[in-house]
Amino acid sequence: MIRQRTIAKPVSMTGIGLHSGAKVEVEFRPAPANTGLIYTRTDLEPNVTMKCSADCVRDTQLCTALVNENGVRISTVEHLTAALSALGIDNLFINVNAPEMPVLDGSAHPFIYLFTTTGVTELPAPKSFIRVKRKVRVENEGKWAELNPSNSGFDVDLQIDFDHPAMDKDKQHFAMPFTGENFVRQVSRARTFCFMRDVEFMHAHNLALGGSLENAVVLDDRGVLNPEGLRYEDEFVKHKLLDAIGDLYMAGRSILGSFKAYKTGHDLNNRLLRALLSDPENYELIEFSEEYSEQKGSIEFVDSKKSIAAF
Ligand SMILES: [Zn+2]
């Protein structure tokens, strides 16, 4: 049986909020089977709780935000959800004292590190997957993203197209079979990126006040401004893939299918997930109650007993 997972014990972290620049504290607590990913804004009185789902993803300008029917939001959740998808964690309480998650280093790796050192626990219930049954595609102004049926688990393939001296044309495409280990090794450390002119514009308008070289790759017209350079030669496309993986995990369930996208972003990723879930003919929910099914594919998540040192 492929089981649901949560974390072994409560754990907290602090960091800076990308939008506010203020300190943010977040506490993660283990949750029982079939709970899902539950966010709580502990700074509001009374506290406001939201369940992570495709339908509550709203404003997607800078990041992926969860917004409830009363307009209460939690921003910058996509790097966390990407990490959770690789670790196979589908049940978790996330208590945050701000309208945004901490941005940390702009990648998913600090979450991977935190949860693998805390420990990941299997729960006595089968994990439920969303298996794609027919092609779903969304497009917008030459950009597109699609999901197709596949019997080999979750394959991901993404292409960007930037004309910039720091972005080699042959480093703008990346594809891999999604496994927890592939994600941790090849994608999880890719940081978000932006252009200096955009940073100046945003700061002038009181936006992205927490954004800095500590949590983003920043480019000017000629190259990368971060003194340490890039973490991967193809860090840009890998971060876009990290975002897409996080965006597609907003429903709290892993997808079995083949994801392919060209110049996609948060908005298109979310539209793809909603399009998939909008018609019951597009997918089925499946569990591997007994054993692995070769016909339907599966995903190997990070071994719950593996420590981060093993990577
Ligand atoms: Zn991102």
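Calculation rules
Residues numbered from 1 in each chain as written. Predicted model: local features only at pLDDT ≥ 70, side-chain atom pairs only at ≥ 80, totals over all residues. Heavy atoms only, no water. Donors = N, O, S within 2.8 Å, 3.2 Å for Na, K, Ca; no water. Helix = DSSP H or I, 4+ residues; strand = E, 2+ residues; numbered from the N terminus. Buried < 20%, exposed > 50% of the residue type's maximum accessible area, 1.4 Å probe, protein only. Pairing = 2+ DSSP bridges. Axes fitted to C-alpha atoms, helices over the stretch in contact; angles between N-to-C directions. Contact = heavy atoms within 4.5 Å. Core = buried A, V, L, I, M, F, W, Y, C linked by side-chain atoms within 4.5 Å. Domains from an automatic or database assignment. UniProt positions renumbered as here; feature names shortened; annotations may be inferred. Polar contact = N/O pair within 3.5 Å; in protein donor to acceptor, adjacent residues only side chain to side chain. Left-handed = near helix turned anticlockwise from the far one by under 90°. Phe/Tyr/Trp six-rings, centres within 6.5 Å; stacked < 30°, edge-to-face > 60°. Lys NZ or Arg CZ within 6 Å of the ring centre and 35° of its normal.

A.B. asks: Please set out the coordination of the zinc ion residue by residue, giving values where relevant.
C.D. replies: Each protein donor to the zinc ion is listed here as H79 (NE2), H239 (NE2) and D243 (OD); together their distances run 2.0 to 2.1 Å. Ordering the donors of the zinc ion by residue number gives the pattern H-x159-H-x3-D. Taken together, the positions of H239 and D243, both in helix 5 (residues 235-248) and four residues apart, correspond to about one turn of that helix. D243 carries the same exposure label as H239, and that label is buried.

A.B. asks: Explain the sheet that holds strand 8 (residues 92-96) to me, using residue names and the numbers behind them.
C.D. replies: One open sheet holds the five strands; their spatial order is 2-3-8-4-5, and the pairing between them is mixed. Looking along the sheet, the strands with just one partner apiece sit at the ends: strand 2 (11-16) and strand 5 (48-51). Here the average twist between neighbouring strands, direction ignored, is 20°. Relative to strand 5, strand 4 (residues 37-41) is paired through four bridges, and the arrangement is antiparallel. The residue of strand 5 that forms the bridge with T40 is T49. Sheet contacts for helix 1 (residues 78-87): strand 3 (23-30), strand 4 and strand 8; angle to strand 4, the most-contacted strand, approximately 150°. Lying on the sheet, helix 2 (residues 109-118) is in contact with strand 2, strand 3 and strand 8; it crosses strand 2 at an angle near 160°.

A.B. asks: Go over the nonpolar core, please, and point to the residues and values.
C.D. replies: Ranked by size, the top nonpolar core spans 83 residues in total, and within it F28, M101, F115, F183 and F259 carry the most contacts. The leading source of residues in this core is helix 5, at seven residues. Built from parts of two domains, this core gets at least three residues from each of domain 1 (3-126) and domain 2 (129-301). If near-sequence neighbours (up to four positions away) are discounted, F115 is found in contact with I7, V11, F28, L80, L84, L87, I89, L92 and V120.

A.B. asks: Tell me about the UniProt feature "active site" (unreviewed entry) in the protein chain, and name the residues and values.
C.D. replies: Under the feature "active site" (unreviewed entry), the UniProt entry names H266. Looking at the secondary structure, you find H266 in helix 6 (residues 266-278). Of the residues examined, H266 reaches a relative accessible area of 11% and is grouped as buried. A distance of 2.8 Å separates polar atoms of two side chains, one belonging to H266 and the other to D247.

A.B. asks: Tell me about the packing of helix 5 against helix 6, and name the residues and values.
C.D. replies: One can describe the packing of helix 5 onto helix 6 by two numbers: an axis separation of 9 Å at closest approach and a directional angle of 35°. Classified by chirality, the crossing of helix 6 by helix 5 is right-handed. Across the interface between the two elements, D243, A244, D247 and L248 of helix 5 pack against H266, N269, L272 and L273 of helix 6.

A.B. asks: Could you give an account of the packing of aromatic side chains, with specific residues and numbers?
C.D. replies: Tallying each qualifying case throughout the model produces ten aromatic pairs. Ring plane angle 25° and centroid distance 6.2 Å describe the contact between F129 and F301, whose orientation is recorded as stacked. With a gap of 172 residues between them, F129 in strand 10 (residues 128-132) and F301 in the segment after strand 18 (283-287) connect regions that are remote in the sequence. Both residues of the pair, F129 and F301, belong to the buried class. Taken together, F162, F193, F195 and F236 form an aromatic cluster joined through their ring pairs. The ring of F174 is capped by K238, whose NZ or CZ atom sits 4.7 Å from the centre of that ring.

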